[in-house]
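Remarks on the overall topology
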Amino acid sequence: MKPLFSLNNFSFSYDGKASILDHIDLDLRRDEVVILTGENGSGKSTLCNILSKNITGFRGNVFFEEKDFSRIAPSYLFSKIVYIKEQTQQNLLGATPYEDIAIWQHRFIHKYTKHLKEERAFILKKFELDTIADKPLWECSAGQQKRTVLASLLLQSHKFWILDEPLYSIDEDGRKILLSLLVQHKTHGKGAVIATNNPNAFSIIADRIIEISKSKITILFG
Ligand SMILES: Nc1ncnc2c1ncn2[C@@H]1O[C@H](COP(=O)(O)OP(=O)(O)OP(=O)(O)O)[C@@H](O)[C@H]1O
Ligand SMILES: [Mg+2]
């Protein structure tokens, strides 16, 4: 299968001096789950930000669906990928878990059909958010906020997922829910990149485990 992302001779530096990533070659297939690990500050989030066009200004070649990445429109990219950022609040759209899921469903257009209502109820229950569905998100715990963010993945099963520290503040029960989603995602031929300090938490689903260290990547598994 042709890669979704292809990085060739890729380097990136924030200040033009110290390379965060230095002459990297990396292919990511649309149907594989790749775990990206490495020490704090190694460059995992930087790479996620580059793949989602939050950061530009790299050196080398990046291709998306075999096309020059710099020419890919963000609107097209985000029809194909979803990026769950490291900072939970940056992903929250609504004032409550219920509203957040509703916005993901119909993008600020108010359409309260029976189907959408049932789908919302299903998603909130799946992530055990049903009892706090109408609680303001600023009063929700860190884990409840993160669960709300992860719940939106159920509406984006057709996309490639880029998840940066998805387990941050998530308990064991939440981890199992996310893993079940990832298993389902993979069964449908869809992949993900997951940046994490805890690669073992995803070992049952990982096709490859890649470590960033000293600006280089090493394949630990796969
Ligand atoms: N906007 C920025 N400007 C300058 N330097 C940055 C910026 N963001 C990150 N860095 C630096 O780039 C390096 C990689 O940071 P990054 O956030 O990608 O690491 P990480 O692997 O995601 O770490 P963590 O495990 O802590 O999440 C760090 O040394 C960091 O200080
Ligand atoms: Mg990070």
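Coordinates for the structure precede this section.
Quick caveat: nothing in here was measured; it's all calculated off a predicted structure. Sequence order as written defines residue numbering, which begins from 1 separately in each chain. Both sets of labels track the order of writing: A upward for chains, 1 upward for ligands. Note on the predicted model: pLDDT of at least 70 is required for a residue's local features to be given, and 80 or more for side-chain atom pairs to be given and counted; whole-chain, interface and lining totals, by contrast, use all residues.

**Things to note about the nonpolar core**
In plain words, the nonpolar core is the set of buried Ala, Val, Leu, Ile, Met, Phe, Trp, Tyr and Cys residues that C-beta atoms within 7 Å link up. Backbone-placed C-beta atoms define the burial measure: a residue is buried with 20 or more other C-beta atoms within 10 Å of its own, exposed with 12 or fewer, and partly exposed in between. Counting residues in each nonpolar core, the largest one holds 56 residues, and the members touching the most others are I35, L36, A151, I162, A192, V193 and I194. Strands here are runs of E lasting at least two residues and helices are runs of H or I lasting at least four, both read from the DSSP assignment and numbered beginning at the N terminus. For this core, the leading source of residues is strand β1 (residues 3-13), giving five residues. Each residue is represented by a C-beta atom placed from its backbone, and any two residues with such atoms within 7 Å are regarded as in contact. Aside from chain neighbours lying at most four places away, what touches A151 is I101, I123, L124, K126, F127 and L129.

**Focus on helix α4 (residues 114-126)**
The end-to-end C-alpha distance of α4, which contains 13 residues, comes to 18 Å, matching closely the 18 Å that a straight helix rising 1.5 Å per residue would cover. Within α4, the full set of buried residues consists of R120, I123 and L124. Along α4, the residues classed as buried sweep out an arc of 95 degrees about the axis, all on the same side. In α4, the exposed positions that point more than 90 degrees away from the buried face belong to K114, H115, E118 and F122. Elements that come into contact with the buried residues of α4 comprise α3 (97-106) and α5 (142-151). Two residues or fewer after α4 comes E128, characterised by a positive phi angle close to 55 degrees. How far a helix is expected to stretch is found by multiplying one less than its residue total by 1.5 Å. The directions from the helix axis to the C-beta atoms are what the arc is built from.

**Quick look at the site of ligand 1**
All residues are tested the same way: a C-beta atom is placed from the backbone, and lying within 6 Å of a molecule or strand makes the residue near it. Neighbouring ligand 1 are Y14, I20, G38, N40, G41, S42, G43, K44, S45, T46, E86 and N197. Partitioning the shell around ligand 1 into residue classes produces two nonpolar, eight polar and two charged. Any residue that is not Ala, Val, Leu, Ile, Met, Phe, Trp, Tyr, Cys, Pro, Asp, Glu, Lys or Arg is counted as polar, Gly included; the first ten are nonpolar and the last four charged.

**Some remarks on the environment of N49**
Structurally, N49 can be placed in helix α1 (residues 44-51). Contacts of N49, omitting those with residues within four sequence positions, involve N54 and I55.

**Examining the pairing of β1**
Of the pairings in the sheet, the one linking β1 to strand β2 (residues 19-29) comprises seven bridges and is antiparallel in character. Within β2, the residue paired with F10 across the bridge is I24. Remark: five residues form the turn of the hairpin made by β1 and β2, two consecutive strands paired antiparallel; G16 in that turn has positive phi of roughly 80 degrees. As paired elements, β1 and strand β4 (residues 59-64) share five bridges and run antiparallel to each other. In the strand pairing of β4, N8 is matched with N61. Here, any two strands with at least 2 DSSP bridges between them count as paired.

**What about the pairing of strand β9 (residues 208-213)?**
The side chains of a regular strand alternate between both faces of the sheet. The pairing of strand β3 (residues 33-37) with β9 spans four bridges and is classified as parallel. Looking across to β9, one finds that L36 is bridged to I210. Judged from the five bridges that link them, β9 and strand β10 (residues 216-221) form a sheet pairing that is antiparallel. Note that in β10 the partner of S213 across the bridge is K216. Between β9 and β10, which pair antiparallel one after the other, the connecting turn spans two residues, and K214 there sits at a positive phi close to 50 degrees.

**Topic: the sheet that holds β1**
Read across the open sheet, the four strands follow the order β2-β1-β4-β5; overall the sheet is antiparallel. At either margin of the open sheet sits one strand with a lone partner, and together these are β2 and β5 (67-68). Both β4 and β5 contribute to a ladder of two bridges, which runs antiparallel. Along β5, the bridge assignment pairs F64 with K67.

**Observations concerning the packing of α3 against α4**
In this analysis an axis means a line fitted to C-alpha atoms, helices contributing only their contacting stretch, and an angle means the value between N-to-C directions, from 0 to 180 degrees. Viewed as axis vectors pointing N to C, α3 and α4 meet at an angle of 125 degrees, and their least axial separation amounts to 10 Å. Judged on the interaxial angle alone, α4 and α3 are oblique. Read as a crossing pair, α3 and α4 show a hand that is right-handed. For the pair α3 and α4, contact is made by P97, Y98, I101, A102, Q105 and H106 and by L116, E119, R120, I123 and L124, respectively. Looking at the contact of α3 with α4 residue by residue, the class counts come to seven nonpolar, two polar and two charged. By definition in this entry, angles of less than 35 degrees are roughly parallel, angles greater than 145 are roughly antiparallel, angles of 65 to 115 are roughly perpendicular, and the rest are oblique. Two helices that cross are described as forming a left-handed crossing if the nearer one is turned anticlockwise from the farther one by less than a right angle, and a right-handed crossing if clockwise.

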